[in-house]
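If you want the building blocks of each chain, they are given just below.
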Amino acid sequence: MSNKKSGHGVSPGIAIGHAWRIEHDLTEIFEVSIAQDQIEDEVSRFRRAVRMARQQLRDIRNNIPDSTRADVTDFIDTHLLMLEDSMLTSAPVELIRDSQCNAEWALKSQRDALAAVFDQMDDPYLRTRKDDVDHVVKRIMQNLLKQETLGANDVNPQLKGAIILAYDLTPAETILLQHQGIAGFVTETGGPLSHTAILARNLEIPAVVGLAISRSIHEGDMLILDGDNGLLIQADNQETLDTYHRKQRDIEHRRTILDGLKNTPSITLDGIPVHLYANIERREDVRIARRYNADGIGLYRTEFLFMNRQDIPDEQEQYQEYSAVIKSLQGLPLTIRTLDIGADKCADFLVSSPRKQINPALGLRAVRLCLKYTDLFSIQLRAILRASAKGPVRLMVPMLSNESEILQMLQLIENIKAELRANHIEFDESLAIGGMIEIPAAALTATSFARHLDFLSIGTNDLIQYTLAIDRLDDEVTYLYDPAHPAVLRLIQMTISAGKSNDIPVSMCGEMAGDLKYTRLLLGMGLTDFSVSPSALLKIKEVINQTSIEKLDPVIRNILSSDSSSEIQQHLDTLNKA
Ligand code: PEP
Ligand code: MG
């Protein structure tokens with residue numbers, strides 16, 4: 001039996017290598033009082049440690065190879081910026097002077113104060129930014145304590161092929177370790193949203209975090225790290241090793257095949273080009289979308305900018321955020337979805353609303369809320385319109401259910417455009433305005449939608465929820481979730497046909513679009529614009545490139561004319577095996 005421990009797998013892949021421990025070496029910090037006449041020397045010692053930290057990070061930054069530069073420099077830049085922030089540079093100096101204490105103690109006290117602020121944040125993403133403070137503090141502290149750190153130009157042959165065991169790793173350490181050719185890493189702290197975890201995924205280093213590392217592992221022991229399943233295994237028998245070597249080869253083989261698709265166009269065997277866009281929630285996600293060569297962003301869920309905060313982002317903040325996304329897309333098209341708040345995506349500013357909704361998924365959410373609070377909506381529309389001057393943008397409105405809502409929304413946009421023109425503020429005059437089809441009523445009247453709008457996008461997550469009357473948040477009814485239910489397929493078909501007969505594009509941005517099981521079915525139904533989570537992009541492209549739409553036709557007809565879910569499943573199997 002091999003000894004196995006589990007944590008969170010945050011970066012997939014299998015690593016097999018020898019154990020190498022990086023001790024958590026920030027020894028206990030104690031307060032030492034400093035004599036009055038030595039205070040300024042202590043301040044200089046602290047400032048020197050900060051300067052050294054800056055220089056070390058710049059060296060690391062300059063040594064990042066071009067192949068990974070775009071992906072990883074941001075992480076180092078974030079820390080360099082923090083090294084300019086008075087919270088970490090001036091506040092400890094004040095503490096040294098006011099409390100007459102040593103630099104280490106001042107830095108630790110300031111770190112604890114900042115950590116307490118982060119701990120109170122609701123947003124798990126922001127909460128994990130506490131790691132960034134810790135990582136910057138760690139580097140300054142190591143300089144104060146004169147601890148040895150791996151430098152940008154150091155080479156340690158023992159690290160090659162090693163599985164690193166550490167209490168915590170900073171992004172900078174992770175980059176340096178990758179240069180040394182490590183096979184993978186395990187840390188005791190951290191979660192899937194930490195920068196180190198994100199970096200591990202970007203650098204494709206298998207990694208597990210949040211795992212209590214056993215003291216019985218000695219340096220040099222043979223280990224297996226399973227990043228998909230979050231496992232660390234002490235490889236003490238040949239059988240286990242052989243099994244994981246096999247898995248490793250299979251994964252490598254798959255990855256090479258998928259990587260090879262990054263630069264190939266997505267086109268069916270019978271020559272139909274298919275657009276593959278990515279869904280994003282935050283500006284940071286653009287990087288991953290670009291990495292998989294997405295054709296653009298088919299769904300940018302702007303509500304995430306409104307969540308986990310007390311205030312509402314003003315026009316300027318929104319404008320800057322949207323402009324930043326446009327800039328990082330470097331000319332690729334961006335579909336910005338207007339605020340889809342309410343139901344499962346709650347914002348603090350809504351909590352104060354006096355009336356509790358009985359059935360929030362059917363209540364005042366998304367465009368309904370925006371049309372009630374037009375001030376809120378207008379601010380966002382102005383921000384999007386202004387940002388549209390910066391690059392190719394489309395504006396998409398969620399949860400439309402009838403013509404009246406479409407007309408109100410279009411009128412509001414026209415009013416804002418007139419205002420912008422009057423004030424000589426630039427925007428894209430030909431900005432495409434589209435609507436999501438995610439309510440059965442919208443699909444059933446999609447022709448009317450298509451007459452008023454420039455494009456449609458099918459939101460299957462909600463469309464399935466409303467068609468099958470299954471609350472998407474309720475686990476008890478998940479078993480009823482069926483994208484291939486005949487009723488759902490008919491609504492999708494109606495929407496695609498409405499787009500075709502009105503000559504406007506129709507895309508799909510719900511999870512169904514990224515589920516390989518339905519790729520051929522959707523292609524056969526005439527869908528040529530998919531917007532999926534970035535990690536699904538290449539797998540979907542692989543299926544597209546192996547499909548001849550013409551040949552699917554008879555099976556598709558059988559599927560669309562069937563009322564039996566089990567029959568549809570059988571046809572789907574035939575379709576996917578062909
Ligand atoms: C959908 O409903 O399919 C969709 C893409 O929107 P969201 O998941 O954000 O509701
Ligand atoms: Mg939706």
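The preceding data block contains the structure.
What counts as what
Residues numbered from 1 in each chain as written. Chains lettered and ligands numbered in written order. Predicted model: local features only at pLDDT ≥ 70, side-chain atom pairs only at ≥ 80, totals over all residues. Heavy atoms only, no water. Donors = N, O, S within 2.8 Å, 3.2 Å for Na, K, Ca; no water. Helix = DSSP H or I, 4+ residues; strand = E, 2+ residues; numbered from the N terminus. Pairing = 2+ DSSP bridges. Axes fitted to C-alpha atoms, helices over the stretch in contact; angles between N-to-C directions. Contact = heavy atoms within 4.5 Å. Buried < 20%, exposed > 50% of the residue type's maximum accessible area, 1.4 Å probe, protein only. Patch = residues over 30% accessible without salt bridge, like charges linked within 9 Å, V, L, I, M, F, W, Y side chains within 5 Å. Areas by Shrake-Rupley, 256 points an atom, 1.4 Å probe, with all protein chains shown as cover. Salt bridge = Lys/Arg side-chain N within 4 Å of Asp/Glu carboxyl O. Lys, Arg positive; Asp, Glu negative; His and termini not counted. Charge placed at Lys NZ, Arg CZ, Asp CG, Glu CD. Phe/Tyr/Trp six-rings, centres within 6.5 Å; stacked < 30°, edge-to-face > 60°. Lys NZ or Arg CZ within 6 Å of the ring centre and 35° of its normal. Expected span 1.5 Å × (residues − 1). Arc of directions from axis to C-beta. Parallel < 35°, antiparallel > 145°, perpendicular 65-115°, else oblique. Left-handed = near helix turned anticlockwise from the far one by under 90°. Nonpolar A, V, L, I, M, F, W, Y, C, P; charged D, E, K, R; others polar.

**Considerations on the coordination of the magnesium ion (ligand 2)**
And step 1. At 2.1 Å from the magnesium ion (ligand 2) lie its protein donor atoms, namely E438 (OE) and D462 (OD). Of this pair, E438 sits in the loop between β13 (432-437) and α16 (440-444) while D462 sits in helix α18 (residues 460-468), and the two are 24 residues apart along the sequence.

**Some remarks on the sheet that holds strand β16 (residues 529-532)**
And step 1. Pairing within the closed barrel is parallel, and its 8 strands lie in the order β9-β10-β11-β12-β13-β14-β15-β16. When strand polarity is set aside, the average angle formed by the axes of neighbouring strands in this sheet is 25°.
And step 2. Where strand β9 (residues 275-280) meets β16, 4 bridges bridge the pair, whose relative direction is parallel. Paired with Y277 across the strands is S531, a residue of β16.
And step 3. In the packing of helix α14 (residues 374-387) onto the sheet, the strands contacted are β11 (334-337) and β12 (393-397), and the crossing angle to β12 comes to about 160°.

**Looking at unusual backbone geometry**
In most cases, non-glycine residues show a negative phi, while peptide bonds are predominantly trans.
And step 1. For E204, which is not a glycine, the phi torsion comes out positive at approximately 55°.
And step 2. One can find E204 in the loop between α8 (195-203) and β6 (207-209).
And step 3. Look at A469: it is not a glycine, yet its phi comes out positive at around 55°.
And step 4. Position of A469 relative to the elements: it lies in the loop between α18 and α19 (486-501).
And step 5. A relative accessible area of 67% means that A469 is categorised as exposed.

**Remarks on a negative patch on the surface**
And step 1. A cluster of acidic side chains, namely D471, D474, D475 and E476, defines a negative patch on the protein surface.
And step 2. Tracing the chain through its elements places D471 in the loop between α18 and α19.
And step 3. The partly exposed category is assigned to D471, whose relative accessible area is 40%.

**Examining the environment of A536**
And step 1. Position of A536 among the secondary structure elements: in the loop between β16 and α21 (537-545).
And step 2. In sequence terms A536 and D515 are 21 residues apart; their C-alpha atoms lie 7.9 Å from each other.

**As for a positive patch on the surface**
And step 1. On the surface, a cluster of positive charge is contributed by R47, R48, R51 and K146.
And step 2. Structurally, the position occupied by R47 is in helix α1 (residues 39-62).

**Structural notes on the packing of aromatic side chains**
And step 1. As enumerated under the stated definition, the model contains 1 aromatic pair in all.
And step 2. Against the face of Y292 rests R291, its NZ or CZ located 5.6 Å from the ring centre.
And step 3. The ring of Y319 carries the charged tip of R386 above its face, separated from the ring centre by 4.0 Å.

**Here's the deal with helix α4 (residues 103-119)**
And step 1. With 17 residues, α4 should cover 24 Å at 1.5 Å per step; its first-to-last C-alpha distance of 24 Å lies within 8% of that length.
And step 2. Taken as a whole, α4 has its buried residues at A103, E104, A106, L107, Q110, L114, A115 and F118. Buried positions in α4, seen along its axis, are confined to an arc of 170° and lie on one side of it.

**Some remarks on the pairing of β11**
And step 1. Side chains L334 and I336 project from β11 onto one buried face, and the interleaved T335 and R337 project onto a second face that is buried too.
And step 2. Strand direction decides the pairing type here: strand β10 (residues 297-301) and β11, joined by 3 bridges, are parallel. Across the sheet, the residue bridging to Y300 is I336, located in β11.

**Considering the sheet that holds strand β8 (residues 231-234)**
And step 1. Spatially, β1-β8-β7-β3-β4-β5-β6-β2 is the arrangement adopted by the 8 strands of the open sheet, whose pairing is mixed. Both outer strands of the open sheet, β1 (3-6) and β2 (8-11), are each paired with one neighbouring strand and no more. Geometrically, the sheet is characterised by an average inter-axis angle of 30° between neighbouring strands, direction not taken into account.
And step 2. Inspection of the sheet shows strand β7 (residues 222-226) paired to β8 by 4 bridges, in the antiparallel sense. Directly across from I224, in β8, lies its bridge partner I233.
And step 3. Of the strands in this sheet, β2, β5 (184-187) and β6 are in contact with α8, which crosses β2 at around 55°.

**Observations regarding the packing of α18 against α19**
And step 1. At a minimum axis distance of 10 Å, the contact between α18 and α19 shows a crossing angle of 130°. The angle between the axes of α18 and α19 places the two elements in the oblique class. Seen along the crossing, α18 lies across α19 with a hand that is right-handed. Judged by residue contacts, T460, L463, I464, T467 and L468 of α18 engage A487, V488, L491 and I492 from α19.
And step 2. Partitioning the contact of α18 with α19 into residue classes produces 7 nonpolar, 2 polar and no charged.

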